[in-house]
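Remarks on the overall topology
If you want the building blocks of each chain, they are given just below.
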Amino acid sequence: MKNYQKELDFIIEKNKKADITPTLLLHACCAPCSSYCLEYLSGYFKITVDYYNPNISMEEEYKKREGEIERYINEFTQKTHPPNPIGLIKDRYDPNEFFKAVRGLEDEPEGGKRCMECFYLRLNRAGEVAREGGYDYFTTTLTISPLKNAKALNDIGEGISKERGVSFLPSDFKKKDGYKRSIELSKEYGLYRQNYCGCVYSRRQGK
């Protein structure tokens, strides 16, 4: 199995030696998962966070997570003064995009085929935005979760990279105690930590 953290380390070191600071479109699911990713990556990339999550079927929940990401970016930037800028795209919100993508998979277990379609939906949008915006790379915060399959996410990202013609940044952000650090940062910044991924199906299962 590939070591995605080592692949990411290699890319970072290669860019540092070339004195290059690439642009990165970072798909973000929520503020807690974004916290460590931004702390870690902001020293090596010019980041724009893309908040695109039509899987969140309740608009109130969607807006709450969106607001928390915006707040974290602002407070993290003011407190730490990262060497590179961090921007935010509040992407479109249409839950029907999710329901259409997973039609027929409603009864799939969490982590099954329905989740794979959801991952593809969100990563494909990130790849689209990255290509249109001329970004050097795109990736997602989703690999930080112990409940998410890093290999599946990276495989999907690499496939979209070929389709979209923009480089996918490999990751397994739970490595190097990334998930543990995200919990620490969540407490430090008082971030809202939801108890389910986002869709109505994961909400029923509390995952």
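You'll find the structure just up there.
Residues numbered from 1 in each chain as written. Predicted model: local features only at pLDDT ≥ 70, side-chain atom pairs only at ≥ 80, totals over all residues. Heavy atoms only, no water.

1. Structural notes on helix H2 (residues 31–41)
- Across the 11 residues of H2, 10 count as buried, placing the element largely inside the fold.
- The complete set of buried residues in H2 reads Ala-31, Pro-32, Cys-33, Ser-34, Ser-35, Tyr-36, Cys-37, Leu-38, Tyr-40 and Leu-41. (Buried < 20%, exposed > 50% of the residue type's maximum accessible area, 1.4 Å probe, protein only. Helix = DSSP H or I, 4+ residues; strand = E, 2+ residues; numbered from the N terminus.)

2. Remarks on the packing of helix H3 (residues 59–80) against helix H7 (residues 178–189)
- Two elements in contact, H3 and H7, have axes separated by 11 Å at closest approach and are oriented at 90°. Viewed along their axes, H3 and H7 adopt a mutual orientation that is roughly perpendicular. Of H7, the residues touching H3 (which contributes Arg-71, Tyr-72, Glu-75, Phe-76, Lys-79 and Thr-80) are Leu-185, Glu-188 and Tyr-189.
- Classifying every residue of the contact of H3 with H7 by side-chain character gives 4 nonpolar, 1 polar and 4 charged. (Axes fitted to C-alpha atoms, helices over the stretch in contact; angles between N-to-C directions. Parallel < 35°, antiparallel > 145°, perpendicular 65-115°, else oblique. Contact = heavy atoms within 4.5 Å. Nonpolar A, V, L, I, M, F, W, Y, C, P; charged D, E, K, R; others polar.)

3. Observations concerning the nonpolar core
- Counting residues in each nonpolar core, the largest one holds 48 residues, and the members touching the most others are Val-49 and Phe-138.
- Considering each element in turn, this core owes the most residues, 7 residues, to H2.
- Judged by nonpolar contacts, the second largest core, of 7 residues, contains Tyr-52, Val-102, Cys-118 and Tyr-201. (Core = buried A, V, L, I, M, F, W, Y, C linked by side-chain atoms within 4.5 Å.)

4. With respect to the pairing of strand S2 (residues 46–51)
- The element S2 is extensively covered by neighbouring structure, given that 5 of its 6 residues are classed as buried.
- Here strand S1 (residues 23–27) pairs with S2 via 5 bridges, running parallel. If you follow Leu-24 over to S2, its bridge partner there is Ile-47.
- The parallel pair S1 and S2, bridged by H2, forms a crossover whose chirality is right-handed.
- Strand direction decides the pairing type here: S2 and strand S3 (residues 86–90), joined by 5 bridges, are parallel. The residue bridging Asp-50 from the neighbouring strand is Ile-89, located in S3.
- On the question of chirality, the crossover connecting S2 to the parallel S3 by way of H3 is right-handed. (Pairing = 2+ DSSP bridges. Right-handed = clockwise from strand over helix to strand, strands pointing away.)

5. A short note on the sheet that holds strand S5 (residues 167–168)
- The strand order across the open sheet formed by 5 strands is S3-S2-S1-S4-S5, and the pairing between neighbours is parallel. What marks the edges here is a single partner per strand, and that holds for S3 and S5.
- Against the sheet, helix H5 (residues 113–133) makes contact with S1, S2, S3, strand S4 (137–140) and S5, and its axis sits at roughly 155° relative to S4, the strand it touches most.

6. Some details on the packing of H2 against H3
- For the pair H2 and H3, the least separation of the axes is 9 Å and the interaxial angle reads 30°. Here H3 runs roughly parallel to H2, going by the angle between their axes. Handedness of the crossing formed by H2 with H3: right-handed. Across from Ala-31, Ser-34, Ser-35, Leu-38 and Glu-39 in H2, the residues of H3 making contact are Glu-68, Ile-69, Tyr-72, Ile-73 and Phe-76. (Left-handed = near helix turned anticlockwise from the far one by under 90°.)

7. With respect to the packing of aromatic side chains
- Evaluated as defined, the whole model comprises 11 aromatic pairs.
- Geometrically, the ring pair formed by Tyr-72 and Tyr-189 is edge-to-face, given 4.9 Å between the ring centres and 80° between the ring planes. On the criterion of sequence distance, the pair formed by Tyr-72 in helix H3 and Tyr-189 in helix H7 is long-range, its members being 117 residues apart.
- Three or more aromatic residues joined by ring pairs form one cluster here, namely Tyr-36, Tyr-40, Tyr-44 and Phe-173.
- Geometry around Tyr-192 places Lys-64 over its ring, the cationic atom sitting 4.1 Å from the centre.
- In this structure, Lys-79 packs its charged tip against the face of Tyr-189, placed 5.2 Å from the ring centre. (Phe/Tyr/Trp six-rings, centres within 6.5 Å; stacked < 30°, edge-to-face > 60°. Lys NZ or Arg CZ within 6 Å of the ring centre and 35° of its normal.)

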